[in-house]
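Each chain is listed here by its residues.
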Amino acid sequence: MCSAVTKARPTRRLPRWTASGARPGRARNRALTWAAAGLAPALLAGGLAVASSSESAEKVELSVGSTVTLIGHGHGHGRGMGQWGAYGYARKGWTAQQILRHYYGGTTAGKVDRPEILVALTGQGSVNVHADAGMRVGGQTVAPGQAVSLSGGTATIRSGCGGGAVRSVPATFVEPLSMAPNRPGGEFLKFCGSNKAYRGAMGLEGGRVVNRIHVDDYVKGVIPRESLPAWGDSGGASALQAQAVAARTYALAAIAGGKKIDDTQNSQVYGGVSGEDRRTNAAADATAGQILLQNGQPAFTEFSASTGGYTAGGRFPAVVDEGDTVSPNHNWTATVSAGSIGSAFGVGALRSFEVIEANGLGAEHGRAIKVRAVGSGGTAEVTGEEARTKLQLKSSWFAVQGQPAPPRIVKPPTGPASPGGGGIDFGSLNQLAEQILPGSSKFLDMATSAMNGRFADLGGITGPLGQALGMPTLTPDAAGVTQLFEKGMMFFTPATGPRVLVGKGLERYQDRGGIPALGFPKRDAFR
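Residues numbered from 1 in each chain as written. Predicted model: local features only at pLDDT ≥ 70, side-chain atom pairs only at ≥ 80, totals over all residues. Heavy atoms only, no water.

Let us now look at unusual backbone geometry. In the Ramachandran plot, N295 falls in the positive-phi region, its phi being about 55° despite a non-glycine side chain. Looking at where N295 falls in the secondary structure, it is placed in the loop between strand 18 (290–294) and strand 19 (297–298). (Helix = DSSP H or I, 4+ residues; strand = E, 2+ residues; numbered from the N terminus.)

A few words on helix 11 (residues 503–511). Every buried residue belonging to helix 11 is among G505, L506, Y509 and Q510, and all of these are buried. An end-on view of helix 11 places all buried positions within 130° of arc, on one side of the element. Against the buried residues of helix 11 lie strand 29 (488–493), strand 30 (497–502) and helix 12 (514–518). Looking at the residues trailing helix 11, positive phi occurs at G513, about 115°. (Buried < 20%, exposed > 50% of the residue type's maximum accessible area, 1.4 Å probe, protein only. Arc of directions from axis to C-beta. Contact = heavy atoms within 4.5 Å.)

Further remarks concern the pairing of strand 15 (residues 201–205). In this sheet, strand 15 lies alongside strand 12 (residues 173–176) in antiparallel orientation, the contact comprising two bridges. Residue pairing for strand 15: V174 is matched across the bridge by M202. Pairing of strand 15 with strand 16 (residues 208–214) involves five bridges; the strand directions are antiparallel. Note that in strand 16 the partner of E205 across the bridge is R208. The loop that links strand 15 with its antiparallel partner strand 16 comprises two residues; one of these, G206, has a positive phi angle of about 60°. (Pairing = 2+ DSSP bridges.)

Moving on: the packing of aromatic side chains. A complete count under the given rule lists 14 aromatic pairs for this structure. Geometrically, the ring pair formed by Y198 and Y270 is tilted, given 6.1 Å between the ring centres and 50° between the ring planes. Linking Y198 in strand 14 (residues 197–198) with Y270 in the loop between strand 17 (261–262) and helix 6 (278–286), this pair joins segments that are 72 residues apart in sequence. Between the NZ or CZ atom of R212 and the centre of the ring of F173, over which it lies, the distance is 4.6 Å. (Phe/Tyr/Trp six-rings, centres within 6.5 Å; stacked < 30°, edge-to-face > 60°. Lys NZ or Arg CZ within 6 Å of the ring centre and 35° of its normal.)

Before going further, it helps to examine the pattern of salt bridges. On inspection of all chains with the given rule, the structure shows 18 salt bridges. Measuring nitrogen to oxygen at the nearest pair gives 2.8 Å for the salt bridge that ties R183 to E187. With a relative accessible area of 32%, R183 lands in the partly exposed category. When its relative accessible area of 9% is taken as the criterion, E187 is described as buried. For R372, the salt bridge goes to E354, with nearest N and O atoms at 3.6 Å. Taken as a pair, R372 in strand 23 (residues 368–375) and E354 in strand 22 (residues 350–358) lie far apart in primary sequence, 18 residues in all. Salt bridges here are not isolated pairs; linked through shared partners, they connect D233, D277, R278 and R279. (Salt bridge = Lys/Arg side-chain N within 4 Å of Asp/Glu carboxyl O.)

Spelled out as structure tokens, the structure:
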């Protein structure tokens, strides 16, 4: 899921803090680490500790009734392209290609090789459609004014919406007169009743209503829901074009990873023809068929509303985002009571709250990687993203005002600050793996695809694993691949496939020695 500029919740300068996000039960004292899983530190893990920990240093001491002020930057996860930053760069004269190269380091330009995709329409329970210019179903032409309803493997052609049956044919999809992209409005299929129009075909698959559509037409229904069309009138046309390429690539990468696409923020928000806008349609047409490739496959082009001035790294090198200065959430503050923090973290009366690890990129030591809350009921250590969720913050890039000791810095790979500029560009993780161990990139590709598919099947970030904390990573002996998540880990070998350990199951595995002692898990453990 991408955190998009138009999907953000309304925010207040001083948010109302509640305990609704608190995790019940005992505090989480154990932090998930590579060492705990029995893995030696690996170059491919993508992180490098460069400063000492402040765990024993003086903390921000709190008393009943006191408050904590958080200084923050950006809105969203910050991985990949920042949408406000893209707009800022567009207004500086950057092309869409420059914007994409800046945010998605290590990728190359590519062309779509599977034009049609399936999108599940979550708000539709049946297929009963008509089209002004007529349709096709089961190899037969349906005249203008007639309608088609689907049930099982049978299509019933009717005299009109709600009209009598004319004839029935075997079919699971109703198609427009042409499945080519960018067709005229008379060929759009419209649902009887709501008259909501869609490009492409309508059908039933696995009990769901699905829209089979050319990916260039699909992004026309996505871009205006995931960005601001008005940017096209204020010097931001190239930002909308970059968004079109990112949205197109993101969908194809998700499908390649085994994920089924729907019309919600679980994939990308898609509204059919009713969600389209002339300015974003122009961006889609200007970039028709264009995608980004990483190791020959569609890149997983995540994006978020505002990076705060520095991207978070991950699949793509972290880079300075000077374009983000136009973002309304470039800088922000939030003030919260000590009692609310203690309740949200489940530690009772709060005694101290601090960021103990950060990525060191940008002001206030960069994004929080690990946060510690200490209270009368115990200690909780969570990721910066989990703290963001618990406290309903705009991003995980925040610092505690008045914290006397700096956090330990753990830097992700860093790319060039501008197109063609200097700095280190590590490229993709797979390219780095190939340099170290020839042949490993194909293995890592296979593992990543299988693990992405399993993650999606489990419900993505709302499932038992939660948010990914790192990329799929080869073990030092290249026998398998692991990936760390906020609530557990995933392990892969060709023999076992992707296996998931969370909660007590992961703790037992760690306590017994992890991979060196037990080998790779052969079954899942969710409790």
